[in-house]
Structure formats: structure tokens, C-alpha cells
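For reference, the chains in residue letters:
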Amino acid sequence: MSIKHALKWSFLSEIASKAIQPLVFVILARLLTPEDYGVVAAAIMVISFSQIFWDAGMSKAIIQFQGDRTAAANAAFWINNVLGAVVAGVVVVISGIVADKIFHDPRVELVLQVMALQVVLSALVSIHTALLQKDMRFKHLFWVRLATVVIPGLVSIPLAWYGMGYWALVAGTLAGQVMQVAILWETSPWKPCFSFDVTIAKQLARFGGWVAATGLLAWFYLWADSLIVGMYLGSHELGLYRTGNAFVMMVFGFLFGPLMPVLYSHFSGMQHDREKIRETLSKVIKIITFISIPLGVFIFANADF
């Protein structure tokens, strides 16, 4: 698939999800309280942090790997799923400490224990998704994305209407993840088998380690402010803060989200041509900067509306 064709389907995927998510977001914001969003945001913060350790950079490593595709995919799959099971267990064990010592909200404990299931579900499909991105099959990923953004809304809104509170958000998130697993395992051309090449696993781990380190820095960039709000101000303020933050992320995500998976796959295919990568990356940065600064000023100026 050409980069233009891939970008088209990647943008369609973002348009579809961003058309549905704001609608669901507005409806749920009318049915739920800031505390509801704050409790779930605290749990999502921890689950997002755990992804750094169970994914271990394997998804990105698979996309750039140029050797035996099947052996690499199997090695990465088993690494992810073993680490996913371990990390999910750790999340369950420390959930009480996290709820009590960090967020000072006992409701976070049970939510975190339930959402640990998301770690296991995500690990089951991370390599399937990476292989589709590697092959630039964003049309396939479009239909997966569309299904998995519709389901959470269909589940969360009725539950919120009937007074389930933050459990409506939890149920919607897990339902969407289950749907993603079902679709990818049914439609993906690759299926894992009981095979593990130690040599290839070491190659993937070396690359993945640097990706995981980058992911750790990215997590602090995205979540450090929310962590401070949750620790010192409580669930109510965290919910308000994340609601405003979510709106801004929706806007920028709509514009730039589709670029990332396509560009990463594109750059991986020409990884040995440093000059071409440098030239392309320079153009992309200039375009993003030209768009994002005026957009940020516009959002700031119209915050009251």
C-alpha cells in the first residue's frame, strides 16, 4: 500500500473515531460527575504506565524488523503475553497501595483490579496490529478502529443513564477492547504458534528496550501533570482537569494522530537512507508546527465557549 493510500485510510479511521468520541464524550459528561471521570482517569493512568513494561517496545520492533517475519512475530507475541500476564498480576496486587497512598481514593482499587484485564486483552492483539501497520494495511485497521470506538459508547451510555457511574466508563472500555481482540483474531492473516527463536527475541529486545525507555519519557510527558493533580487535589479536580485535557487532545489527535503509525511504518521501510529520512522528517515537523501553533492559540482564545 502506498503512503498516500495508507494516509487516506488512517485519516478516515481518525475521522470516524473522532466523530463518534466527542458525541459520546458530551453525552457521558452530562450523565456522569467529575468524580466518575477522576476515578477512571486514575486507573487509566496506571494501566497506561504498565503498558511500557508489558509491551517492552515489541510492537515498534516488529515494524522495523527486516528478518524472518513469522519467527519475529511469534517471539514478540509470547514476550508480550507473558509480560502482560505478569504486569496485570502486579497491578492487581498493588492496586490497594496505589489507591490509598497515591490517589487517596478507595474506589480506585477495585476499578484498577478490573481494568487490569485490559492489559491482558491488549497484549493479545498488539502484534496483530503492528503487523498490519508494517504492511500499511490501514484500510483493515480502519474497520477495526470503527468497531472498537462504537462499542464503548453503546455500552457506556445506557449504563450511565441507569446510574452506574464510573463503572459505565470501565465497562465501555473493556467492551471495546474485547471487540478489538475478537475482530483482529478473526480477520488477521497472521496467527501465533508455539515457536520462540531466542536469537531473534534478543534482537527485538535490544531495539524494544530503547523504545520502552522512550515510552517512559512519553508517559511522563502525557500524565505527570494529571498524576500531580490526582495526588494532591483529589478525584473531583482530576476529573475536571482530564475533561479539559481530553478535549484538547481530541482536536490535536484528530489532525496529527493518523500521521504517526503511517510515518513510522514508512520510515521503517527506508531506515538505511538517513538523508531521505532527515528530509522527510524536516518537512513533517514544519507542517505540524505551522498548523499546531495557530490552532493552540485559537483554542485558548475560545476556551470560554
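Before reading further, recall that the structure is shown in the block above.
Let us look at the structure shown here. (Residues numbered from 1 in each chain as written. Predicted model: local features only at pLDDT ≥ 70, side-chain atom pairs only at ≥ 80, totals over all residues. Heavy atoms only, no water.)

For Ser 95, the position within the fold is in helix α4 (residues 69-102). Residue classification places Ser 95 among the buried positions, given a relative accessible area of 0%. At 2.8 Å, the side chain of Ser 95 and the backbone oxygen of Val 92 are in polar contact. Excluding its chain neighbours within four sequence positions, the residues that come into contact with Ser 95 are Glu 109, Leu 112 and Gln 113. (Helix = DSSP H or I, 4+ residues; strand = E, 2+ residues; numbered from the N terminus. Buried < 20%, exposed > 50% of the residue type's maximum accessible area, 1.4 Å probe, protein only. Polar contact = N/O pair within 3.5 Å; in protein donor to acceptor, adjacent residues only side chain to side chain. Contact = heavy atoms within 4.5 Å.)

One can describe the packing of helix α2 (residues 34-55) onto helix α5 (residues 107-134) by two numbers: an axis separation of 9 Å at closest approach and a directional angle of 40°. Classified by the angle between their axes, α2 and α5 sit oblique to one another. By crossing handedness, the relation of α2 to α5 is classed as right-handed. Along the contact surface, α2 presents Glu 35, Val 39, Ala 42, Ala 43, Ile 44, Val 46, Ile 47, Ser 50, Trp 54 and Asp 55, while α5 presents Arg 107, Val 108, Val 111, Leu 112, Met 115, Ala 116, Gln 118, Val 119, Ser 122, Ala 123 and Ser 126. Of the residues in the contact of α2 with α5, the class split is 14 nonpolar, four polar and three charged. (Axes fitted to C-alpha atoms, helices over the stretch in contact; angles between N-to-C directions. Parallel < 35°, antiparallel > 145°, perpendicular 65-115°, else oblique. Left-handed = near helix turned anticlockwise from the far one by under 90°. Nonpolar A, V, L, I, M, F, W, Y, C, P; charged D, E, K, R; others polar.)

With respect to the helices and strands, the residue Val 39 is situated in helix α2. By relative accessible area, which is 0% here, Val 39 ends up buried. Spatially, the C-alpha atoms of Val 39 and Arg 107 are 6.9 Å apart, while their sequence positions differ by 68 residues. Excluding its chain neighbours within four sequence positions, the residues that come into contact with Val 39 are Asp 105, Arg 107, Val 108, Val 111, Tyr 166 and Ser 235.

Our next topic: the pattern of salt bridges. Throughout the structure, instances matching the rule amount to four salt bridges. Notably, a salt bridge pairs Lys 101 with Asp 100, separated by 3.7 Å at the nearest N-O pair. Look at Lys 101 and you get exposed, because its relative accessible area is 59%. Asp 100 sits in the partly exposed class, given a relative accessible area of 46%. For Arg 107, the salt bridge goes to Asp 105, with nearest N and O atoms at 2.8 Å. (Salt bridge = Lys/Arg side-chain N within 4 Å of Asp/Glu carboxyl O.)

This part takes up the packing of α4 against helix α8 (residues 198-233). Across the interface, α4 lies against α8 with an axial gap of 13 Å and an inter-helix angle of 25°. The angle between α4 and α8 falls in the class roughly parallel. The two elements α4 and α8 meet at a crossing, and its hand is right-handed. Touching Ala 71, Ala 72, Ala 75, Ala 76, Ile 79 and Ile 102 of α4 are Ile 200, Ala 201, Leu 204, Leu 227, Gly 230 and Met 231, all from α8. Residue classes in the contact of α4 with α8 are distributed as 11 nonpolar, one polar and no charged.

Another point: a nonpolar patch on the surface. A surface patch of nonpolar side chains, about 530 Å² in accessible area, is lined by Val 82, Val 86, Val 90, Val 93, Ile 94 and Ile 97. Tracing the sequence through the fold places Val 90 in helix α4. Judged by its relative accessible area of 41%, Val 90 is partly exposed. (Patch = residues over 30% accessible without salt bridge, like charges linked within 9 Å, V, L, I, M, F, W, Y side chains within 5 Å. Areas by Shrake-Rupley, 256 points an atom, 1.4 Å probe, with all protein chains shown as cover.)

Here the focus is the side chain of Ser 188. As for its position among the elements, Ser 188 is in the loop between α7 (166-187) and α8. Filtering out sequence-adjacent residues up to four positions away, Ser 188 remains in contact with His 128, His 140 and Ile 183.

What follows concerns α5. Between its terminal C-alpha atoms α5 stretches 40 Å, which fits the 40 Å expected from 28 residues at 1.5 Å a residue. For α5, the principal kink sits at Val 125 and spans about 35°. (Expected span 1.5 Å × (residues − 1). Bend = angle between axes of the 7 residues up to and from the residue.)

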